[in-house]
Amino acid sequence: MADLFDVLSTAIKNEEPIALATIVRGEGSGAKLVVLANGSSQGTLGNESLDRVVIRDTIGELAAGTSGLRHYGRNGEARQDELDIFIESYAPPPQMLIFGAVDFTASLCRVAKVLGYRVTVCDARPVFATHQRFPAADEVVVDWPHRLLDKVGAGLGPRDAVCVLTHDPKFDVPAVLAALKTKVGYLGAMGSRRTTIDRNQRLLDEGASQEDLDRMMAPIGLDLGARTPEETAISICAEIIALRSGRVAPSLRDADGDIHRPG
Amino acid sequence: MREILKDLERWRSQGKQIAVARVVDVEGSGPRLPGAAMAVNEDGDVAGSVSGGCVEGAVVAEALQCIEDRSRKMVTFGYSDDDAFAVGLTCGGTIHLFLEPLDW
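As the structure is a computational prediction, the values presented were derived from the model and not from experiment.

Caption draft 1: Representation of helix α2 (residues 48-64) of chain A. All names here are of chain A. For α2, built from 17 residues, the straight-helix expectation of 24 Å at 1.5 Å per residue is met to within 8% by its first-to-last C-alpha distance of 25 Å. Within α2, burial applies to Leu 50, Asp 51, Val 53, Val 54, Ile 55, Asp 57, Thr 58, Glu 61 and Leu 62. Packing partners of the buried residues in α2 comprise β1 (18-25), β2 (32-36), β3 (41-44), β4 (68-72) and β5 (83-90). Note on α2: the residue one or two positions beyond its end, Gly 65, has a positive phi of about 70°.

Written out as structure tokens, the structure is:
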């Protein structure tokens, strides 16, 4: 069993999706299986039929990026309760694409890194889109935002975020249009109320629907009274969390119910 | 274990005995999700956490026991605990932890 931890830690470091299934109650407690997204596995939970069922369920958990406890019979039978198996998914980190190499971008990079995002900064202007200006970013790309999205947009999903900070219609209208074609979970665009109204009209003129506009958070961020780039980055990331969890983000003092709600 | 991976690797390279506690199930209002992990080495050094700080002290004791007797076990902490565990979660939920030596 000596190698399973190394297999797991190497995959996590390389940002390859991997899951770990462990018997935590019942016969064989501690037995383990590591499973890759393609279904290949190492280790065993004790017998082939149990392994087969758990590998199948683990692939599902890994695709959804979820972790949880499942109950099985000794040979993987469903609706039995002889074994508790904890399936833990290590999905690659969520991605944040930030368009526009401005001061707000540097702060947003730092806060997004705290939240565990893989951060890409993209701007068409080589003078501004440099690693020196955005040391916290995982990647700095000199290109037009919509061209980057044409390349990587298909890989964006509900956990990911696109933040358009250019507030220049020349860049951000094509960027937003391209982002709307993806399955990205959060799409926000920076700008004043006037910039937002102007951009919305341009987007409608370019063929976006009202539904598309409703998907976009613009002006970007929660109404925290943020002024500095750092505060603005917090307000953007707080909005991403609130949107993901389906909350309206009032202060805890002014809300009821459990602080840690399930789901 | 993602958050404590560096500590685990460092301790392993130093040849330390390690126990890992993982949150495997949460009922009601719990501070950390399944997968949250905390590790303790033979010297009593700690990495990571499994709650908001409510039960970590008790987990260290359990983990050191795991290292000593090479055992694996489930441990439950809850608000209404009236069994052997004197500590509980102040947030009212129940968490189930799996503790084991890092021998795999």
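Once the structure has been displayed, the description carries forward.
Caption draft 2: Spatial organisation of the packing of aromatic side chains. If you walk through the whole model with that rule in mind, you get two aromatic pairs over all chains. With centroids separated by 5.7 Å and ring planes inclined at 80°, the aromatic side chains of Phe5(A) and Trp104(B) adopt a geometry described as edge-to-face. Of the two residues, Phe5(A) sits in helix α1 (residues 4-13) while Trp104(B) sits in the segment after β5 (94-101), which places them in two different chains. Considered together, Phe5(A) and Trp104(B) belong to a single accessibility category, that of buried residues. Geometrically, the ring pair formed by Trp144(A) and Phe171(A) is tilted, given 4.9 Å between the ring centres and 45° between the ring planes. Of this pair, Trp144(A) sits in the loop between β8 (139-142) and α4 (145-152) while Phe171(A) sits in helix α5 (residues 169-180), and the two are 27 residues apart along the sequence. Residue classification places Trp144(A) among the partly exposed positions, given a relative accessible area of 30%. A relative accessible area of 9% means that Phe171(A) is categorised as buried.

Caption draft 3: Region of interest: the sheet that holds β4(A). Residues and elements named next belong to chain A. The sheet built from five strands is open, its strands ordered β3-β2-β1-β5-β4 with antiparallel pairing. The two strands at the open ends of the sheet, each matched to only one other strand, are β3 and β4. Neighbour-to-neighbour, the strand axes of the sheet open up by a mean angle of 25°, direction not taken into account. Of the pairings in the sheet, the one linking β2 to β3 comprises four bridges and is antiparallel in character. In the sheet register, Val 35 faces β3, and the bridge partner there is Ser 41. Relative to the sheet, α1 contacts β1, β2, β3 and β5, its axis offset from that of β1 by approximately 140°.

Caption draft 4: The arrangement of unusual backbone geometry in detail. Residues and elements named next belong to chain A. In this structure, the amide linkage connecting Ala 218 to the following residue, Pro 219, adopts the cis form with an omega of -5°. Tracing the backbone through its elements, the reader meets Pro 219 in the loop between β11 (216-217) and α8 (229-245). In this model, Arg 79 sits at a positive phi of 55°, which is unusual for a non-glycine residue. Exposure remark for Arg 79: the relative accessible area of 82% places this residue in the exposed category.

Caption draft 5: Highlighting the interface of chain A and chain B. The interface of chain A with chain B comprises 26 residues on the first partner and 22 residues on the second. A combined buried area of about 2,100 Å² lies between chain A and chain B, and 63% of that area is made up of carbon and sulfur atoms. Our count for the contact surface shared by chain A and chain B stands at four salt bridges. Of the charged contacts, one joins Asp6(A) and Arg12(B) as a salt bridge, the two residues approaching to 3.0 Å between their closest N and O atoms. Secondary-structure elements contributing two or more residues to the side of chain A that touches chain B are α1, β1, β4 and β5 of chain A. Of the residues belonging to the side of chain A that touches chain B, the class tally is 14 nonpolar, seven polar and five charged.

Caption draft 6: Highlighting helix α1 (residues 5-13) of chain B. Among all positions in α1(B), only Leu5(B), Leu8(B) and Trp11(B) are buried. End-on view of α1(B): buried residues confined to an arc of 135°, all on one side of the axis. Residues of α1(B) that are exposed and point over 90 degrees away from its buried face: Lys6(B) and Ser13(B). The elements touched by buried residues of α1(B) are α1 of chain A together with β1 (18-27), β2 (37-41) and β3 (46-48) of chain B. Count one or two residues on from α1(B) and you reach Gly15(B), which has phi positive near 75°.

Caption draft 7: Examining the confidence of the model for chain A more closely. Taken residue by residue, chain A gives an average pLDDT of 93. The fraction at 70 or more is 98%. Per-element mean pLDDT across chain A ranges from 93 in α2(A) up to 98 in strand β9 (residues 161-164) of chain A.

Caption draft 8: Looking closely at the pattern of salt bridges. According to the stated counting rule, one finds 28 salt bridges over all chains in the structure shown. Residues joined in a network through salt bridges with shared partners are Lys32(A), Glu88(A), Arg22(B), Arg72(B), Glu100(B) and Asp103(B).

Basis of the calculations
Residues numbered from 1 in each chain as written. Chains lettered and ligands numbered in written order. Predicted model: local features only at pLDDT ≥ 70, side-chain atom pairs only at ≥ 80, totals over all residues. Heavy atoms only, no water. Helix = DSSP H or I, 4+ residues; strand = E, 2+ residues; numbered from the N terminus. Expected span 1.5 Å × (residues − 1). Buried < 20%, exposed > 50% of the residue type's maximum accessible area, 1.4 Å probe, protein only. Contact = heavy atoms within 4.5 Å. Phe/Tyr/Trp six-rings, centres within 6.5 Å; stacked < 30°, edge-to-face > 60°. Pairing = 2+ DSSP bridges. Axes fitted to C-alpha atoms, helices over the stretch in contact; angles between N-to-C directions. Buried area = accessible area lost by both parts, 1.4 Å probe. Salt bridge = Lys/Arg side-chain N within 4 Å of Asp/Glu carboxyl O. Nonpolar A, V, L, I, M, F, W, Y, C, P; charged D, E, K, R; others polar. Arc of directions from axis to C-beta. pLDDT = per-residue confidence, 0-100.

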